[in-house]
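# Remarks on the overall topology
Residue-level listing of the chains:
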Amino acid sequence: MRAYNFSAGPAILPEEVLKEAQAEMLDYRGCGMSVMEMSHRSKPFQQILDEATQDLRDLMNIPDNYKVIFVQGGATQQFAAIPMNLQTKNGTADYILSGNFSEKAYEEAQIFYGDKAHVIASSKEDNYTYIPDLTNLKIDDDADYVYICENNTIFGTTFHQLPDTKGKPLVSDQSSMFLSQPVDVSKYGVIYAGVQKNVGPAGLVIAIIREDLVKKEFVNPTPTMLKWKTQVDKGSLYNTPNSYSIYICGKVFKWIKKLGGLEAMKKRNEEKAKILYDYLDQSKLFKNTVRKDSRSIMNVCFRTGSEELDAKFVEESKKANIVSIKGHRLVGGMRASIYNAMPIEGVKALVEFMAKFEKENLK
Ligand code: PMP
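The rules behind the values
- Residues numbered from 1 in each chain as written.
- Predicted model: local features only at pLDDT ≥ 70, side-chain atom pairs only at ≥ 80, totals over all residues.
- Heavy atoms only, no water.
- Phe/Tyr/Trp six-rings, centres within 6.5 Å; stacked < 30°, edge-to-face > 60°.
- Helix = DSSP H or I, 4+ residues; strand = E, 2+ residues; numbered from the N terminus.
- Buried < 20%, exposed > 50% of the residue type's maximum accessible area, 1.4 Å probe, protein only.
- Core = buried A, V, L, I, M, F, W, Y, C linked by side-chain atoms within 4.5 Å.
- Contact = heavy atoms within 4.5 Å.
- Pairing = 2+ DSSP bridges.
- Right-handed = clockwise from strand over helix to strand, strands pointing away.
- Axes fitted to C-alpha atoms, helices over the stretch in contact; angles between N-to-C directions.
- Salt bridge = Lys/Arg side-chain N within 4 Å of Asp/Glu carboxyl O.
- Near = heavy atom within 4 Å.
- Polar contact = N/O pair within 3.5 Å; in protein donor to acceptor, adjacent residues only side chain to side chain.
- Areas by Shrake-Rupley, 256 points an atom, 1.4 Å probe, with all protein chains shown as cover.
- Nonpolar A, V, L, I, M, F, W, Y, C, P; charged D, E, K, R; others polar.

The subject of this paragraph is the packing of aromatic side chains. Applying the stated criterion to the full structure yields 14 aromatic pairs. Ring geometry for Tyr95 and Tyr106: centres 5.8 Å apart, planes at 55°, overall tilted. Remark: Tyr106 occurs in helix H4 (residues 100-113) and Tyr95 occurs in strand S3 (residues 92-97); sequence separation between them is eleven residues. For the residue pair Tyr95 and Tyr106, the accessibility class agrees, reading buried in each case. Consider the rings of Tyr128 and Phe155, whose centres lie 5.2 Å apart with planes at 65°: the pair is edge-to-face.

What follows is the structure, given as structure tokens:
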């Protein structure tokens, strides 16, 4: 039996996609081998890569002047690749801190920019329980880019509006919200995401980069593999890519298309999140821990206020087939990651269990 898997990532994938991959495991469409065993230079794999790229372009309506690359090293490697690719001689970098992943990205930028890496807004002092105020941001005239982590996986917050970057390229980490709703790609310089939350198996990053930001010259000595240009020029095949993950992502793109694209995903995700937040807002035991205007529809954090009860909840929920619901250690409590592939039944089962637990444990 499949569990209701609320893991933050690697995370639940559509059952339909897994079954399809299972059916093709030993013999991919008459090739006599699994995609795992296939040369990345072969025709069938090239077709998988081309189709995945085109389906992603269709889904996100990616303008022609944006490049799409599939790379490795996790979202974390991009924390360094971003400053390395975007830094200009006298440039600065502006960071908005909304959680520990933007903090980590900022720390990485400091390696290259030193004190020219600036924090222009932060909610760290309140343990990242909201998205910082975006009005009157002090964007440096020399900023090479403005950086955000658009959905904060650990803290359960999301940007409901984008900052005004005063014409500077906006770089966004969309790892835990990728393809969960429509986004206007033209508003960004770079969008990137580790795929292991909403789209596929871990070990692959998708980056969407405005072509003028695919630089030829670098301020720092930059390893070949960290230059976006390397993979742009070679169509993500400079070296051996994570071919199996690309294959599964391609299937997930088709699954999203079939369900009606990103508008349909948004509707479905909002519906699921509403069930959970509505319950939390009336609960006398559980509390959502973030400011209402910053709530994420992907990662929903909640707690009882007692560590003992939280632990009991995590333990007992397993009997209701609910797994990986424990919150991140930086926040505590519980976290339900309700990505695209989480069926509405999973959220209903969770709320049902929460109501039962509340009844039994509320004094
Ligand atoms: N950014 C966000 C928003 C994340 O949630 C994560 C992983 N949880 C990362 C970056 C780091 O990703 P990776 O482990 O792929 O390097």
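This paragraph deals with the nonpolar core. Judged by nonpolar contacts, the single largest core of 58 residues is most densely connected at Met60, Phe178, Leu179 and Ile208. Per-element tally for this core: the top contributor is helix H6 (residues 243-258), with nine residues. Once residues within four sequence positions are removed from consideration, Phe178 is found in contact with Leu56, Met60, Ile191, Ala193, Asn198, Val199, Ile206, Ile208 and Asn340. Counting 33 residues, the second largest nonpolar core, distinct from the first, contains Val71, Ala75, Met84 and Val331.

Further remarks concern the pairing of S3. The buried fraction of S3 amounts to six of the six residues, a majority that puts the element mostly inside the structure. Neither face of S3 is exposed, since Thr92, Asp94 and Ile96 on one face and Ala93, Tyr95 and Leu97 on the opposite face are all buried. Where S3 and strand S5 (residues 143-149) come together, four bridges link them in parallel fashion. Along S5, the bridge assignment pairs Ala93 with Tyr145. Across five bridges, the pairing between S3 and strand S4 (residues 117-122) is parallel. Each bridged residue has a counterpart across the sheet, and for Ala93 the counterpart in S4 is Ala117. Note that the unit made of S3, H4 and S4 has a crossover that is right-handed.

Next up on the list: the sheet that holds strand S14 (residues 334-337). What the three strands build is an open sheet, ordered S11-S12-S14; its pairing is antiparallel. The open sheet has two edge strands, strand S11 (287-288) and S14, and neither has a second partner. With respect to the sheet, helix H7 (residues 261-282) is in contact with S11, strand S12 (299-303) and S14, its orientation differing from that of S12 by roughly 20°.

Attention shifts here to the pattern of salt bridges. Under the defined criterion, the tally for this structure stands at 22 salt bridges. The salt bridge partner of Lys187 is Asp184, with a shortest N-O separation of 3.9 Å. For Asp184, a relative accessible area of 39% gives the class partly exposed. Salt-bridge contacts for Glu315 lead to Lys318; the nearest nitrogen and oxygen are separated by 3.0 Å. Among the residues examined, Glu315 registers a relative accessible area of 48% and is labelled partly exposed. Each of Glu51, Asp55, Asp58, Lys254 and Lys257 takes part in one network of salt bridges that share partners.

What follows is about unusual backbone geometry. In this structure, Pro10 follows Gly9 across a cis peptide bond, with omega equal to -10°. Looking at the secondary structure, you find Pro10 in the loop between strand S1 (4-5) and helix H1 (15-23). In this structure, Arg29 takes a positive phi of about 45° despite not being glycine. Mapped onto the elements of the fold, Arg29 is located in the loop between H1 and helix H2 (43-60). The phi torsion at Lys166 lies on the positive side, around 50°, for a residue other than glycine. Residue placement: Lys166 occurs in the loop between strand S7 (157-158) and strand S8 (170-173).

In this section: the site of the ligand. Contacts to the ligand come from Gly74, Ala75, Thr76, Phe79, Phe101, Cys149, Asn151, Thr153, Asp173, Ser175, Gln196 and Lys197. Within the contact set of the ligand, a nitrogen atom lies 2.6 Å away from a side-chain nitrogen or oxygen of Asp173. At 2.9 Å, a side-chain N or O of Lys197 approaches a nitrogen atom of the ligand. For the ligand, whose free accessible area comes to 390 Å², the fraction covered by protein is 82%. The greatest single-element share of the shell around the ligand, amounting to four residues, is contributed by helix H3 (residues 74-86). When the residues that make up the shell around the ligand are grouped by side-chain class, the tally is four nonpolar, six polar and two charged.

With respect to the element layout, Pro163 can be found in the loop between S7 and S8. With 182 residues separating them in the primary sequence, Pro163 and Glu345 have C-alpha atoms 35 Å apart. Once you skip the residues sitting within four places of it in the chain, Pro163 turns out to touch Ile96, Leu134, Leu137, Ile148 and Leu170.

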